[in-house]
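Spelled out, the chains give:
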Amino acid sequence: MKKEKKTHALLFLLLLQFTLGQSDYAPYFYDNGPSSTNGNMALFSISEDTPVGTQIYILNGTDPEGDPVRYGLTFEKGSKEYFRVEPKSGNVTLIQELDREKQGEISVLVSITDGRNKVVETVRVFVTDANDEPPEFQNLPFIIDIPEDTTSGSSIYRVQAVDKDMGSGGSVSYYLQTSPFAKFTIDGHSGILRVKPGETLDYETTPTHFVTVVAKDGGGKYKGKHQVLTSTATVTVNVIDAQDMPPSFVGTPYFGYVYEVSVPGSEIFTVYAKDGDQGNPNPIHYSIMNGSDGVFDINNTSGCITLTTYPSLLKNELYEIIVKASEVGPNEQLSDDYDITTVTVRVVDLNNHPPTFYGENGPQSKFEVTMYEHPPAGEILRGFKITVNDSDQGANAKFKLRLVGPSRVLRVVPQTVLNEAQVTIIVEDTSGIDYEKGATLSFKLLAVEIDTPERFSATADIVINLLDTNDNIPKFTSDYYIARVPENSPGGSSVATVTANDPDSGPWGEVKYTIYGSGSDLFAIHPSSGVISTQPWTSLDAEVRSKYNFYVKAEDSEGKYSLAEVFVTVLDMNDHSPEFDDKLLEKTMIIGIPVRVEAVDDDAESPNNVIQYSIMTADPDNAFDINADTGEIKLKPYIKSMEIVQNITKQKDCKWSLVVQARDRGSPSFSTTAVVNIDITEATPLKGPMAAFLMKSRDNPMKALGMVTVIISTLVGVTVLISTAMYMRNSKSNRIMPARRIIRRRPRDQQPWTFKMPNITFNHPPPPPSAPSLPPPPPSNTRPSERPRAVPTISGALASKGSKKAKSSRRKEGNISSALVSELKMKLEQKIIESNQGYY
C-alpha cells in the first residue's frame, strides 16, 4: 500500500510540471514606430551634438504572464560603447560623444528577460548630422606665379574647399577678406580667383601678393543654435617681372674730387645704375653726354670715371659731368629706356701738410719762460712768442689748439685756427701757479686738424720755470700745545717743542719763535728750534701754581707770523708730609659715639694728598679702632659701659691715650704722628621726649639729622608764609619795604685769578689769537675730608694754595645730654655745608 501511494504522488508532480511548462511565454518589446522613443530602439535616430549624459530612450516591453522584466544593452566585441541602460526602468543614457562624420550608424544588441526567458534583438541607431564641421581647403598651400602684364579680369587660380556636413551645412561659398589695396576677386560659388577689373600688377612695386580666401558653409543647427562655420587660407601670388621699367641710378647725388697729386688715369668716381625690371634685369651701358671738357672718361660697363690729364692743366675748379645709363637689349642693341644723372667733380688741395709751431728763429717744438708765481688771473704770458701755421688750403688748413696739463691753470687763444695764427697763453687759475707745489710747470700745446680724414697734428712743449715769492705765513702744526712738567724740576728743563712750517724758500721760509703772555716770564723758547724750557732760575711748585698758559709766535723775515697757545700743567710730586693741628690732641668720647682726628697734606693732587690713618700704640692696648679713611676713632665693640672701662683702666679719671699715624699715599710715602688723649664718659638717662629721641638716635645720627631738618624746614615755611603776607599787605598800601639780600661767601680755597694779555707792540698788529677750547675738567670725586681745589681753565685761572681746615677742638663739657646734642648739631651743620657747596 505504501509503495502504491508513492507512485501516485510522483505521477501527480510530473503532471503538474508538464502543465506549467506549457503556459510559460517569453517577454517581448513594444514596437511604437520609427518616431517613438519608447520600445526596442528599432529605427531610432539621435543627433550627433547630443550632450553626454542625456537620457535618449526608454526600452519598453512586457511579459505575457505579467512577470517583471529587466532590460539589457550590449555592443559587438571591439566596437565603442555609446549607450548604457538601467535594467529595471529601461532608461538609456548617452555615455560617449557622437560624430556622424566618423560613424553614422551604431549597431546595438537590446535584450529583455523575465528571469527565465530572454529575448535579444539587434537594432541600428542612426546618427543624424549637426553643423559642426568647418569647410576644409584642398591642395594646400596655394602658391601661384603670374606674369606682371596679366590683363585685368583674367582667371589665375581656382581654390576648393569641402565641408563634411550634410545639407546646407555642407554647402560652401567663397569670399576674400577686404583690403583697400586688393587687386583680386573670387567667384563665390566656383572659387575662381581673378585679377580685379581695372587693376594691373607691378613687379617693381609689389613682387608678391598675399590673398586671404574665406570658405563659408551654408549654416545649420548645432546644440540647439544656428551657426555658420568658416575657414581661411592664404594664396601666395608671385608676380613675374616683365621688361617695362627703365634703368635708374643708385646713390645719387654723385661727388668726385681731383687732388693735386692725381695723375692721368686716376679714378675720380664710379656711378652705378640698375635695371628697373629686377626680376630679369638687362645689362647697363654708361656714357658721358656732356660736361667732361675732354679731361674725363667713363668705362661703359663699370661706370668708373677717370682723369685723362694732369691736375695742373685743369682750367676749372668745378666740373659737372652728365652721365647716361641705357639698357642693353637682345642682340646688344641699346634700348630706348635710359636714365641721366650729374656727377660733380671738384678740384681740391690735398691735405699733405701738418700744422707747425714757429718761434722767433723758425720751427720750434719747445717753448720755455721764467716768471714769478701767482700772476693775476687773466694776465697774458708775454714771455712766449709762438706762431702756428698749416700750409694747406681751405678745410685742410683748419685745426684746433688746446693745452694739455694741470686743469684750468692756463688757456690758449685762439682755439680754432685757419691757416695761421699768433698763439696767446692766458692765466686762468692763479692758485695753480704755485712755487711751493712745483718749481716747474709743464704743458703740451696741441694743434689738431678737425675737418680732414687724416687729422694731422703737431705738439709743442710749454715749460714755465717759477720764481718764489713770500706768499705764505708760518703755520704751527697745531693751534695749541699741551705740556706736562714735574714740579721742582731744575731750571732750564725742557717743557715742550712747538713747530711751525713756512713753505717759502730762502729767508722767507726761515721761522723765528718768540714767547709772551701771563706766566711766560717763567719760560723761555729757543728762537730757531722752538724748544720751550723753564728759566734757569725757575723752580715750579704745583702747590703754588699748577696751570700756566701763554702764547708762542712764529715769524718769518718779513714779519708774517701766526700764533699758537701753550698749556703747561705742573705735575704734583709728593713733597709734603701730612700734618695734624697739634702734636697733642684732647678728645672727649661718649661710649658708643666715635671721635675724629684729622691731618692735612699740602700736596696738590691725589694720591699725594690722600691720607690713611692707623693706630701705632694705645694705652690701654686693644681698646680702640680707627677708620683708615676718615680718622674716626671708636671703642672696641665689647666696651659698652663705664664698668668695663673701669675694669680695664686703673685711673680714676678714665683718661686713655693713643698714638695715631697719618700717612699719605704718594711715592715715596710720608707720615706723621700725634698723641690723642681721650676722656671716656658715659651718657646718663635723659628726660623728656626730645632727650628720649636723641638717646634712641645716637646710633643712627642720620635719623636725628632728618628730624632736625624737618623742624627747620617747618620753621622756614612758616617764615616764608609770614613774609609773603606782609609783602602783599605792603604792596596794597604802596609801602616800600627794604629787600633782604643773601650773600654767599666763596670758600677761601677757591680764589679766582684772571689772565691779562701783556701789551706787546708788533710792526703789524696781530689778530686776536683764538685757541681751541680744552675738554672740561673731570667731575670732582674729592672726599669730604679733602680740601676742595679750584679747577684751572684755559684762560689761566689758578687756585691759590688752600689753608688747612679749621680744627674742631672744642671740648665737650657738661652732662651727657648736652654732649649728644652738640654732636648732632655738628653733624647737621657739616651736612648743610656739604649740600651748599654745589651753589658756590
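Reading guide: rules and limits
Along each chain, residues carry numbers from 1 onward, in the same order as the chain's sequence is written. Local features in this predicted model are restricted to residues whose pLDDT is 70 or higher, and side-chain atom pairs enter the listing and the counts only when it is 80 or higher, whereas totals over whole chains, interfaces and linings include all residues. Hydrogens and waters are ignored; side-chain quantities use all the structure's heavy atoms. Note on conventions: DSSP H or I runs of at least 4 residues are helices, E runs of at least 2 residues are strands, and numbering of each starts at the N terminus. For each residue, the accessible area found with a 1.4 Å probe, counting protein chains only, is set against the maximum for its type, and the residue is called buried under 20%, exposed over 50%, and partly exposed in between. Any two residues whose heavy atoms approach within 4.5 Å at even a single point are treated as in contact. Accessible surface is estimated by sampling points in the Shrake-Rupley manner with a 1.4 Å probe; for residues, cover comes only from the protein chains shown. Classification of ring pairs rests on two measures: the distance between centres of Phe, Tyr or Trp rings, Trp counted by its six-membered ring, which must be within 6.5 Å, and the angle between planes, read as stacked under 30 degrees, edge-to-face over 60 and tilted in between. Cation placement over rings: the criterion is NZ of Lys or CZ of Arg within 6 Å of the ring centroid and within 35° of the ring normal. At least two DSSP bridges between two strands are required for those strands to pair. Only residues whose relative accessible area exceeds 30% and that form no salt bridge enter a patch; like-charged residues are grouped when within 9 Å of one another, and nonpolar side chains (Val, Leu, Ile, Met, Phe, Trp, Tyr) when within 5 Å. Whenever a carboxyl oxygen of Asp or Glu lies within 4 Å of a side-chain nitrogen of Lys or Arg, that contact is scored as a salt bridge. Whenever a nitrogen or oxygen atom comes within 3.5 Å of another N or O atom, the pair is scored as a polar contact, on the condition that within protein one atom can donate a hydrogen and the other can accept it, and that pairs from neighbouring residues in sequence are kept only if both atoms are in side chains. Whenever a helix is involved, its axis is fitted only over the stretch in contact; in every case the axis is a line through C-alpha atoms, and angles between N-to-C directions fall within 0 to 180 degrees. A pocket here means an open set of points on a 1 Å grid, computed over the protein atoms alone, that has protein on both sides within 12 Å along at least five of seven lines. A cavity is instead a set of points where a 1.4 Å probe fits but cannot get out; residues with an atom within 4 Å of a point line either one. Grid points are joined across faces, edges and corners, and a volume is the space filled by probe spheres set on the points. Polar here means any residue other than Ala, Val, Leu, Ile, Met, Phe, Trp, Tyr, Cys and Pro, which are nonpolar, and Asp, Glu, Lys and Arg, which are charged; Gly is therefore polar. Grouping buried Ala, Val, Leu, Ile, Met, Phe, Trp, Tyr and Cys residues that are joined through side-chain atoms within 4.5 Å yields what is termed a nonpolar core. On a scale of 0 to 100, pLDDT captures the predictor's confidence in every residue.

Section: the overall build of the protein chain
Okay, step 1: Assigned secondary structure in the protein chain consists of five helices and 58 strands.
Okay, step 2: Scored against the burial criterion, the 840 residues of the protein chain give a buried share of 36%.
Okay, step 3: Within the protein chain, contacts between residues at least 6 apart in sequence are counted, and of these 67% link residues at least 24 apart.
Okay, step 4: Of the roughly 49200 Å² of accessible surface on the protein chain, a fraction of 52% belongs to carbon and sulfur atoms.

A short note on the packing of aromatic side chains
Okay, step 1: Taken as a whole and assessed by the stated rule, the structure comprises 19 aromatic pairs.
Okay, step 2: Residues Tyr480 and Phe567 carry aromatic rings whose centres are separated by 6.2 Å and whose planes lie at 80° to one another, so their mutual orientation is edge-to-face. Of this pair, Tyr480 sits in strand β42 (residues 480–486) while Phe567 sits in strand β49 (residues 561–571), and the two are 87 residues apart along the sequence.
Okay, step 3: Among the residues examined, Tyr480 registers a relative accessible area of 27% and is labelled partly exposed.
Okay, step 4: Following the ring pairs from residue to residue traces out a cluster consisting of Phe249, Tyr254, Phe269 and Tyr286.
Okay, step 5: The ring centre of Tyr338 lies 4.4 Å from the NZ or CZ of Lys324, which sits over that ring.
Okay, step 6: The aromatic ring of Tyr561 is capped on one face by Lys553, whose charged end is 4.7 Å from the ring centroid.

Remarks on the pairing of strand β51 (residues 584–590)
Okay, step 1: Across the seven residues of β51, five count as buried, placing the element largely inside the fold.
Okay, step 2: Sheet topology note: the β51/strand β58 (residues 671–681) ladder contains seven bridges and is parallel. Residue Leu584 lies in a different strand from β58, and its bridge partner there is Val675.

What to know about a nonpolar patch on the surface
Okay, step 1: On the surface, a nonpolar cluster with roughly 390 Å² of combined accessible area is contributed by Phe255, Tyr257, Tyr259 and Val261.
Okay, step 2: Examined against the element boundaries, Phe255 turns out to sit in strand β23 (residues 254–258).

As for the environment of Asn609
Okay, step 1: By secondary structure assignment, the location of Asn609 is in the loop between β53 (599–600) and β54 (611–619).
Okay, step 2: Given the relative accessible area of 15%, Asn609 is considered buried.
Okay, step 3: Asn609 sits 33 residues away from His576 along the chain, and the two C-alpha atoms are 8.3 Å apart.
Okay, step 4: Within the structure, the side chain of Asn609 is placed 3.4 Å from the backbone oxygen of Asp603, a separation counted as a polar contact.

A look at the sheet that holds β54
Okay, step 1: With mixed pairing, four strands are arranged side by side in an open sheet as β51-β58-β57-β54. Of all the strands in the sheet, the pair left with one neighbour each is β51 and β54. Each strand of the sheet is rotated relative to its neighbour by a mean of 30°, with strand direction disregarded.
Okay, step 2: Both β54 and strand β57 (residues 655–664) contribute to a ladder of eight bridges, which runs antiparallel. Looking at the pairing, Tyr613 lines up with Ala662 of β57.

A word on unusual backbone geometry
Okay, step 1: A cis amide bond links Ser606 to the next residue, Pro607, at an omega of 10°.
Okay, step 2: Cis peptide bonds are those with omega within 30 degrees of zero, and the linkage from Ser667 to Pro668 qualifies with 5°.
Okay, step 3: Tracing the backbone shows Pro668 in the loop between β57 and β58.
Okay, step 4: Positive phi is not limited to glycine here, since Leu43 has a value of about 60°.
Okay, step 5: Looking at the secondary structure, you find Leu43 in the loop between β2 (38–39) and β3 (45–47).
Okay, step 6: Here Leu43 falls in the exposed class, since its relative accessible area comes to 51%.
Okay, step 7: Of note in this structure, His374 is not a glycine but carries a positive phi near 55°.
Okay, step 8: In this fold, His374 is placed in the loop between β33 (366–372) and β34 (386–389).

Here's the deal with empty space enclosed by the protein
Okay, step 1: Within this structure, the stated rule accounts for two cavities of 30 Å³ or more.
Okay, step 2: Put simply, the second largest cavity is a space of about 30 Å³.
Okay, step 3: Taken together, Tyr30, Asp31, Asn32, Gly33, Ser36, Asn38, Gly39, Asn40, Met41, Ala42 and Tyr57 make up the lining of the second largest cavity.
Okay, step 4: Residue classes in the lining of the second largest cavity are distributed as four nonpolar, six polar and one charged.

Quick word on the sheet that holds strand β27 (residues 296–298)
Okay, step 1: Here we have three strands laid out as an open sheet, ordered β24-β28-β27, and antiparallel in their pairing. The outermost strands of the open sheet, each flanked by one partner alone, are β24 (267–270) and β27. Adjacent strand axes in the sheet meet at a mean angle of 20° when their direction is disregarded.
Okay, step 2: Looking at chain direction, β27 and strand β28 (residues 304–307) are connected through three bridges and run antiparallel. Residue pairing for β28: Asp297 is matched across the bridge by Thr306.

Topic: the nonpolar core
Okay, step 1: Core analysis: the largest hydrophobic core is formed by 29 residues, its most contacted members being Phe357, Leu410 and Ile464.
Okay, step 2: Elements supplying a minimum of two residues to this core: β33, β34, β35 (398–404), β36 (410–413), β38 (420–427), β39 (440–449) and β40 (457–467).
Okay, step 3: With five residues, β40 is the single largest residue contributor to this core.

Observations regarding the confidence of the model for the protein chain
Okay, step 1: Considering every residue of the protein chain, the mean pLDDT works out to 79; 80% of them sit at 70 or more.
Okay, step 2: Every residue in residues 733–821 scores below 50 in pLDDT, and together they form 132 contacts with partners more than four places removed in sequence or on other chains.

Quick word on the environment of Thr477
Okay, step 1: The residue Thr477 is located in the loop between β41 (475–476) and β42 in this model.
Okay, step 2: Put simply, Thr477 and Ala564 are 87 residues apart on the chain and 9.2 Å apart in space, counted from C-alpha to C-alpha.
Okay, step 3: When near neighbours in sequence (up to four residues on either side) are disregarded, Thr477 contacts Thr499 and Asn501.
Okay, step 4: Within polar-contact distance, the side chain of Thr477 engages the side chain of Tyr481 at 3.0 Å.

Some points on the pattern of salt bridges
Okay, step 1: Applying the stated rule across the entire model yields eleven salt bridges.
Okay, step 2: Of the charged contacts in the structure, one is a salt bridge between Asp67 and Arg116, with a shortest N-O distance of 2.5 Å. Note that Asp67 is positioned in the loop between β5 (61–62) and β6 (70–74) and Arg116 in the loop between β9 (105–113) and β10 (118–128), a separation of 49 residues in sequence.
Okay, step 3: Judged by its relative accessible area of 52%, Arg116 falls in the exposed class.
Okay, step 4: Residue Arg100 pairs with Asp129 through a salt bridge whose shortest N-O separation is 2.9 Å. Pair noted here: Arg100 is in the loop between β8 (91–94) and β9 and Asp129 is in the loop between β10 and β11 (136–137), with a separation of 29 residues, a long-range link.
Okay, step 5: According to the relative accessible area criterion, Asp129 is partly exposed, its value standing at 26%.
Okay, step 6: Sharing partners across several salt bridges, the network here consists of Arg100, Glu101 and Asp129.

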